[in-house]
Amino acid sequence: MSAVRHLSLLDRALVEAQRALETTLGDPPALRPCPARAADPVLPKPARRHAAGLMRINHVGEVCAQGLYFGQAAVARDPATRAHLLDAAQEETDHLAWCAQRLRELDSRPSVFNPLWYAGSYAIGTLAGLRGDGWNLGFVVETERQVEAHLDEHLQSLPAQDLRSREIIRVMKEDEARHADHAEQAGARALPPPIPQAMALASKLMKLVAYRL
Ligand SMILES: [Fe+2]
Ligand SMILES: [Fe+2]
């Protein structure tokens, strides 16, 4: 009996490890087509580098969202909460794939620190999940609202001609808003200070590093 339990624990650990590797080093496929329809503009080198920096930040944001949601799902108590987290994670996989594609088009690449971003987010997700499902959903709301705000900043800051990146970001922003709304409706609790402030600080640090590396 205990051999069976050990095997299933090992199985679960292997699934988590495989997912982590796929997200951080592989190229998980999107289920929905990429929303970028405009022609790829010929951007001057500095503008191209800036657009790539912003899309690398967005890609890392999606890596973090995956780590957070899979960490939370691994310890969620209620099957409905777990299903909610895994559903949101699927749309984040689309975002991840679209950002990776745009980075390639901009002759750039994802952050070299993706395994670290994922591991950190997974640890935070697991800790949040262990506090209970209200907290779990509260983390989803806070994460999605912060991502929505930085996507807004990117829409301001991207080169005006880079319509392809803008098309991707607009759809991502709509998805993130929906993820936050759904989590609120599912019973998220408001996170007390200083948690939202600490999350904002961590995301500021991430953006600073991911813009270049
Ligand atoms: Fe996302
Ligand atoms: Fe999201």
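Just so it is clear, the model here is predicted, and its values are computed rather than measured.

Cut-offs applied
- Residues numbered from 1 in each chain as written.
- Chains lettered and ligands numbered in written order.
- Predicted model: local features only at pLDDT ≥ 70, side-chain atom pairs only at ≥ 80, totals over all residues.
- Heavy atoms only, no water.
- Donors = N, O, S within 2.8 Å, 3.2 Å for Na, K, Ca; no water.
- Helix = DSSP H or I, 4+ residues; strand = E, 2+ residues; numbered from the N terminus.
- UniProt positions renumbered as here; feature names shortened; annotations may be inferred.
- 1 Å grid on protein atoms, 1.4 Å probe; cavity = no way out; pocket = protein on both sides within 12 Å on 5 of 7 lines; lining within 4 Å.
- Contact = heavy atoms within 4.5 Å.
- Polar contact = N/O pair within 3.5 Å; in protein donor to acceptor, adjacent residues only side chain to side chain.
- Buried < 20%, exposed > 50% of the residue type's maximum accessible area, 1.4 Å probe, protein only.
- Axes fitted to C-alpha atoms, helices over the stretch in contact; angles between N-to-C directions.
- Parallel < 35°, antiparallel > 145°, perpendicular 65-115°, else oblique.
- Left-handed = near helix turned anticlockwise from the far one by under 90°.
- Nonpolar A, V, L, I, M, F, W, Y, C, P; charged D, E, K, R; others polar.
- Points joined across faces, edges and corners; volume = space filled by probe spheres on them.

Draft legend 1. A look at the coordination of the iron ion (ligand 2). Within the protein, the atoms that donate to the iron ion (ligand 2) are Glu 92 (OE), Glu 144 (OE), Glu 144 (OE), Glu 176 (OE) and His 179 (ND1), at distances of 1.9 to 2.4 Å. In the primary sequence, the donor residues of the iron ion (ligand 2) line up as E-x51-E-x31-E-x2-H. Separating the iron ion (ligand 2) and the iron ion (ligand 1) is a distance of 3.8 Å, and Glu 92 donates to both of them. Taken together, the positions of Glu 144 in helix α5 (residues 133–157) and Glu 176 in helix α6 (residues 163–185) put the pair 32 residues apart, joining distant regions of the chain.

Draft legend 2. Quick peek at the UniProt feature "binding site: Fe cation 2" (unreviewed entry) in the chain. With numbering aligned to this structure, UniProt lists the feature "binding site: Fe cation 2" (unreviewed entry) at Glu 92, Glu 144, Glu 176 and His 179. These annotated residues cover 88 residues of sequence, and their C-alpha atoms all fall within 10.8 Å of one another, placing them together at a single site. The annotated residues that sit in the lining of the largest cavity are Glu 92, Glu 144 and Glu 176. Every residue in contact with Glu 144, bar those within four places of it in the chain, is listed here: Tyr 69, Glu 92, Glu 176, His 179 and Ala 180. Of note, His 179 is situated in helix α6. Each residue touching His 179, except ones within four places of it in the same chain, is listed here: His 84, Ala 88, Glu 91, Glu 92, His 95, Val 140 and Glu 144. Here the side chain of His 179 touches Glu 144 through a polar contact of 3.2 Å, side chain to side chain.

Draft legend 3. Structural view of unusual backbone geometry. Here Pro 193 and Pro 194 are connected by a cis peptide whose omega angle stands at 5°. In this fold, Pro 194 is placed in the loop between α6 and α7 (195–210). A positive phi angle is found at Asp 107, which is not glycine, with a value near 55°. Its place among the elements puts Asp 107 in the loop between α3 (79–105) and α4 (114–130). The exposure class of Asp 107 is exposed, given its relative accessible area of 65%.

Draft legend 4. Spotlight on the packing of helix α2 (residues 45–75) against α7. In contact at an axis separation of 8 Å, α2 and α7 are set at 135° when each is read in the N-to-C sense. In terms of orientation, α2 lies oblique with respect to α7. At the point where α2 passes α7, the crossing takes the right-handed sense. Here Gly 53, Arg 56, Ile 57, Val 60 and Gly 61 of α2 come into contact with α7, specifically with Met 206, Lys 207 and Ala 210. Of the residues contributing to the contact of α2 with α7, the split by class is 4 nonpolar, 2 polar and 2 charged.

Draft legend 5. Broad picture of empty space enclosed by the protein. For the coordinates displayed, the defined rule picks out 1 cavity of 30 Å³ or more. Considering only enclosed or pocket space, the largest cavity measures out at about 30 Å³ in volume. Every residue lining the largest cavity is listed: Gly 61, Glu 62, Ala 65, Tyr 69, Glu 92, Thr 143, Glu 144, Val 147 and Glu 176. Those elements that place two or more of their residues in the lining of the largest cavity are α2 and α5. The greatest single-element share of the lining of the largest cavity, amounting to 4 residues, is contributed by α2. Looking at the lining of the largest cavity, its residues break down into 3 nonpolar, 2 polar and 4 charged.

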